[in-house]
Amino acid sequence: MTRIRTVLAAVFVGLALTLFAAAPAAAQAAQAAQADKLKLTVAGDGAQGVTIQASYADGRRLEQVVRLVLTATGPDGQRVGPVQLEPQPEGNGFYSSGPVLSTGTWKVTVNSPAPLKSKATATVQAKAAQSPPAPKPVAVTEPADGGGADWWPFAAAGLVLVAAAMGVAMLFGRRRTD
């Protein structure tokens, strides 16, 4: 009877060790599968373009260039795309379409092909580009007391005093020995 118990205990210990050894491998496989997915954040750029921020699904920054393709359906059934997006210098994973949409509400879809397959859809409000308002002219007036033009006589007097002090020091600093 004790031999059967020993064999059963060895089988259970072997199964437990196998499960404990397989658990980290399964977690790594799940993490690798998660790392192969992208999170795409699609938004309007405030004018007639679209910006996309791409990162890994677990939140890590995207360090490599991926191919993103934009398609959009707008007002009156207008279609744009497919448009290949290029990475922008603003940062890793940042993409921009430039002005490709006309004014109106657009349904924008961005796809990423394998191996980092992903898809994101957003509604974007495209507006006509606006220029900033012209600055208002500012009147420059000089104060009645003459403004900051009175400092230079004091600076000149200070320089004269320093020069005089140096001259006196040079005259009395040397003594002749005969």
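Look above for the structure.
Residues numbered from 1 in each chain as written. Predicted model: local features only at pLDDT ≥ 70, side-chain atom pairs only at ≥ 80, totals over all residues. Heavy atoms only, no water.

1. Observations concerning the overall build of the protein chain
For the protein chain, the count of helices and strands is two helices and seven strands. What you see in the protein chain, going N to C, is helices and strands ordered as α-β-β-β-β-β-β-β-α. For the protein chain, the proportion of its 178 residues judged to be buried stands at 21%. Across the protein chain, contacts joining residues at least 24 apart in sequence account for 54% of those joining residues at least 6 apart. (Helix = DSSP H or I, 4+ residues; strand = E, 2+ residues; numbered from the N terminus. Buried < 20%, exposed > 50% of the residue type's maximum accessible area, 1.4 Å probe, protein only. Contact = heavy atoms within 4.5 Å.)

2. Some remarks on unusual backbone geometry
Residue Asp 76 is not a glycine yet carries a positive backbone phi of 60°. Residue position: Asp 76 is located in the loop between β3 (68-73) and β4 (79-87).

3. Notes on the pairing of β3
Side chains of β3 alternate between two faces, with Leu 68, Leu 70 and Ala 72 buried and Val 69, Thr 71 and Thr 73 left unburied. Direction of pairing for β3 relative to β4: antiparallel, over a ladder of five bridges. Note on β4: the bridge partner recorded for Leu 68 is Leu 85. Between β3 and β4, which follow one another and run antiparallel, lie five residues, and Asp 76 among them has a positive phi close to 60°. Of the strand pairs in this sheet, β3 and strand β6 (residues 104-112) are connected by five bridges, and their pairing is antiparallel. Bridge pairing links Val 69 to Asn 111 in β6. (Pairing = 2+ DSSP bridges.)

4. Topic: the pairing of β4
In this structure, β4 lies alongside strand β5 (residues 94-96), joined through two bridges in antiparallel fashion. In the strand pairing of β5, Pro 87 is matched with Tyr 95. With antiparallel pairing between neighbouring strands as the criterion, β4 and β5 make up a hairpin whose turn holds six residues, including Gly 93 at a positive phi of roughly 80°.

5. Notes on the sheet that holds β3
Read from one edge to the other, the open sheet built from seven strands follows the order β1-β2-β5-β4-β3-β6-β7, with strand pairing classed as antiparallel. Each of the sheet's edge strands pairs with one partner strand only, and the pair in question is β1 (38-44) and β7 (118-126). Within the sheet, the average angular offset between the axes of one strand and its neighbour, ignoring direction, is 25°. (Axes fitted to C-alpha atoms, helices over the stretch in contact; angles between N-to-C directions.)

6. Observations regarding the pattern of salt bridges
Taken as a whole, this structure holds one salt bridge when the rule is applied. Residues Asp 58 and Arg 60 are paired through a salt bridge, measuring 3.0 Å at the closest nitrogen-oxygen approach. Looking at Asp 58, the relative accessible area reads 38%, which means it is partly exposed. (Salt bridge = Lys/Arg side-chain N within 4 Å of Asp/Glu carboxyl O.)

7. Observations concerning the side chain of Ser 97
By the element assignment, Ser 97 lies in the loop between β5 and β6. For Ser 97, the side chain forms a polar contact with the main-chain nitrogen of Val 50, separated by 2.8 Å. Excluding anything up to four places from it in sequence, Ser 97 contacts Gly 49, Val 50, Leu 70 and Leu 85. (Polar contact = N/O pair within 3.5 Å; in protein donor to acceptor, adjacent residues only side chain to side chain.)

8. Some thoughts on the nonpolar core
Leu 40, Val 42, Ile 52, Leu 68, Leu 101, Val 108 and Val 110 are the most contacted members of the largest nonpolar core, which has 24 residues in total. Within the residue set of this core, elements represented by two or more residues are β1, β2 (50-56), β3, β4, β6 and β7. Those residues within four positions of Leu 68 in sequence are excluded, and the remaining contacts are Leu 40, Ile 52, Val 83, Gln 84, Leu 85, Tyr 95, Val 110, Asn 111 and Ser 112. (Core = buried A, V, L, I, M, F, W, Y, C linked by side-chain atoms within 4.5 Å.)

9. Quick notes on the packing of aromatic side chains
According to the stated counting rule, one finds zero aromatic pairs in the structure shown. Across from the ring centre of Tyr 56, 4.3 Å away, lies the NZ or CZ of Arg 60, which sits over that ring. (Phe/Tyr/Trp six-rings, centres within 6.5 Å; stacked < 30°, edge-to-face > 60°. Lys NZ or Arg CZ within 6 Å of the ring centre and 35° of its normal.)

10. Comments concerning a nonpolar patch on the surface
Among the surface-exposed residues, Val 168, Leu 171 and Phe 172 lie close enough to one another that they form a single nonpolar patch of about 360 Å² accessible area. For Leu 171, the location among the structural elements is in helix α2 (residues 152-173). In this structure Leu 171 comes out as exposed when scored by relative accessible area, which is 65%. (Patch = residues over 30% accessible without salt bridge, like charges linked within 9 Å, V, L, I, M, F, W, Y side chains within 5 Å. Areas by Shrake-Rupley, 256 points an atom, 1.4 Å probe, with all protein chains shown as cover.)

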